[in-house]
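# Examining the three-dimensional arrangement
As a plain string of letters, each chain reads:
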Amino acid sequence: MDQKNPIIVANWKMYKTDLDAKVYLQEFFELLPKTSARVLIAPPFTTIRDVVKSRQYIEVGAQNVHEESVGAFTGEISAMMLRSISASFVICGHSERRRLFNDTEERVHLKLKQILLNGLLPILCVGETVSEREAGQTEKVLTRQIESALFRLRPSNLILAYEPVWAIGTGKTATPEMAADVHGFCRDLLKKLWGDVKVPILYGGSVTPETATALAAKPEIDGALVGGASLDAAKFVQIIKGFTS
Ligand code: 13P
């Protein structure tokens, strides 16, 4: 990890109303010491604007985007719309979207393209299921997910997040060694595809204040993508501190 500037991302998923977000941010900014970490928050669409307004030194982004730029797609949000409210990044390829909302590899690729076309930073999530890991398929699955998402793209700005599906919301964090191994594999793969580019690789999956320090100690881990524990301002601050102490 770049010890000075870890990247810590909160993914609030479908939690927090406007009021919840206001209360959270007040507590969060009171507790957060001046930090060298790059802190990003992905609230639900409905609170992005408020979080953007209240931000001090955080970046605010979205958890999803539609793969077309404009059109009759009832209920969807485009990358241009996100940009117009000053969102700066978008999470794409999250396993919950792949599994529950039919975000196929093709769609993940198209979403990534839209994100880049609109000058936003993509956080591309990849990860294997428990049965894929047990079958020794982890590297194959990650290769497929990364190569398909980045097909014919060479973004100058990209964050990769390794989120093993079996570790998300389950309390089962990958050990720092397991995560570091996979991060090393992804880094080598990106190097093969693009040469020496610098792509930060975050770990996600049941990251808590208790596990943050050990994960942070691994040089291969550049930061964390945090779900459940990021919903509590005090816990999220502790995780940030765990990565910077
Ligand atoms: P949890 O931290 O709740 O396991 O969620 C991880 C995640 O999905 C972040 O995108």
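Up top is the structure these notes are about.
Because the structure is a prediction, the values reported are computed rather than measured.

Bringing the layout of surface pockets into the picture now. The space that makes up the largest pocket amounts to roughly 490 Å³. Together, 20 residues line the largest pocket, and Lys13, Met14, Gln63, Arg97 and Phe101 are the ones closest to its centre. Of all the secondary-structure elements, those providing two or more residues to the lining of the largest pocket are helix 2 (45–54) and helix 4 (95–100). A per-element tally of the lining of the largest pocket places helix 4 first, with three residues. Looking at the lining of the largest pocket residue by residue, the class counts come to 10 nonpolar, six polar and four charged. The volume enclosed by the second largest pocket comes to roughly 340 Å³. Residue lining of the second largest pocket: 16 residues in total, with Arg187, Lys198, Val199, Pro200 and Asp222 positioned closest to the centre. If you tally residues by element for the lining of the second largest pocket, the top one is helix 8 (residues 176–194), at four residues. Residue composition of the lining of the second largest pocket, by class: six nonpolar, two polar and eight charged.

Right, let's talk about the environment of glutamate 134 for a bit. You can see glutamate 134 is positioned in helix 6 (residues 130–134). Glutamate 134 sits 62 residues away from alanine 72 along the chain, and the two C-alpha atoms are 42 Å apart.

With that out of the way, let us pick up the site of the ligand. Surrounding the ligand, one finds Asn11, Lys13, His94, Glu163, Ala167, Ile168, Gly169, Gly205, Ser206, Leu225, Gly227 and Gly228. A distance of 2.7 Å is found between an oxygen atom of the ligand and a backbone nitrogen or oxygen belonging to serine 206. In the complex, 95% of the free accessible area of the ligand, which totals 300 Å², lies under the protein chains. Classifying every residue of the shell around the ligand by side-chain character gives three nonpolar, seven polar and two charged.

Turning to the pattern of salt bridges, a few remarks are in order. Per the counting criterion, the structure on display carries 12 salt bridges. Two residues, glutamate 105 and arginine 144, come together in a salt bridge whose shortest N-O distance is 2.9 Å. Placement of the pair is glutamate 105 in helix 5 (residues 105–117) and arginine 144 in helix 7 (residues 138–149), with a sequence separation of 39 residues. Accessibility expressed as a relative area gives 24% for glutamate 105, which makes it partly exposed.

Another aspect to go through is the nonpolar core. Counting residues in hydrophobic clusters, the biggest one holds 66 residues, and the most contacted among them are Phe28, Leu124, Leu160, Tyr203, Phe236 and Phe243. At seven residues, the largest contribution of residues to this core is made by helix 8. Ignoring anything within four residues of it in the chain, the contact list for leucine 124 reads Cys92, Arg98, Val108, Leu112, Ala149, Leu150, Leu158, Ile159, Leu160 and Ala161. Val9, Leu121, Cys125 and Leu225 belong to the second-largest nonpolar core, a separate cluster that totals 13 residues.

Here the focus is the packing of aromatic side chains. In the structure shown here, the tally under the stated rule is six aromatic pairs. Taking 5.7 Å as the distance between ring centres and 25° as the angle between the ring planes, the aromatic pair formed by phenylalanine 28 and phenylalanine 236 counts as stacked. Placement of the pair is phenylalanine 28 in helix 1 (residues 18–31) and phenylalanine 236 in helix 10 (residues 233–244), with a sequence separation of 208 residues. Members of the aromatic cluster, connected to one another through ring pairs, are Trp12, Tyr24, Phe28, Phe29, Tyr57 and Phe236. Directly above the aromatic system of tryptophan 12 lies the positively charged group of lysine 16, at a separation of 5.6 Å from the ring centroid.

Rules used in this analysis
- Residues numbered from 1 in each chain as written.
- Predicted model: local features only at pLDDT ≥ 70, side-chain atom pairs only at ≥ 80, totals over all residues.
- Heavy atoms only, no water.
- 1 Å grid on protein atoms, 1.4 Å probe; cavity = no way out; pocket = protein on both sides within 12 Å on 5 of 7 lines; lining within 4 Å.
- Points joined across faces, edges and corners; volume = space filled by probe spheres on them.
- Helix = DSSP H or I, 4+ residues; strand = E, 2+ residues; numbered from the N terminus.
- Nonpolar A, V, L, I, M, F, W, Y, C, P; charged D, E, K, R; others polar.
- Near = heavy atom within 4 Å.
- Polar contact = N/O pair within 3.5 Å; in protein donor to acceptor, adjacent residues only side chain to side chain.
- Areas by Shrake-Rupley, 256 points an atom, 1.4 Å probe, with all protein chains shown as cover.
- Salt bridge = Lys/Arg side-chain N within 4 Å of Asp/Glu carboxyl O.
- Buried < 20%, exposed > 50% of the residue type's maximum accessible area, 1.4 Å probe, protein only.
- Core = buried A, V, L, I, M, F, W, Y, C linked by side-chain atoms within 4.5 Å.
- Contact = heavy atoms within 4.5 Å.
- Phe/Tyr/Trp six-rings, centres within 6.5 Å; stacked < 30°, edge-to-face > 60°.
- Lys NZ or Arg CZ within 6 Å of the ring centre and 35° of its normal.

Everything listed here is a matter of coordinates, which is why it stays silent on function.
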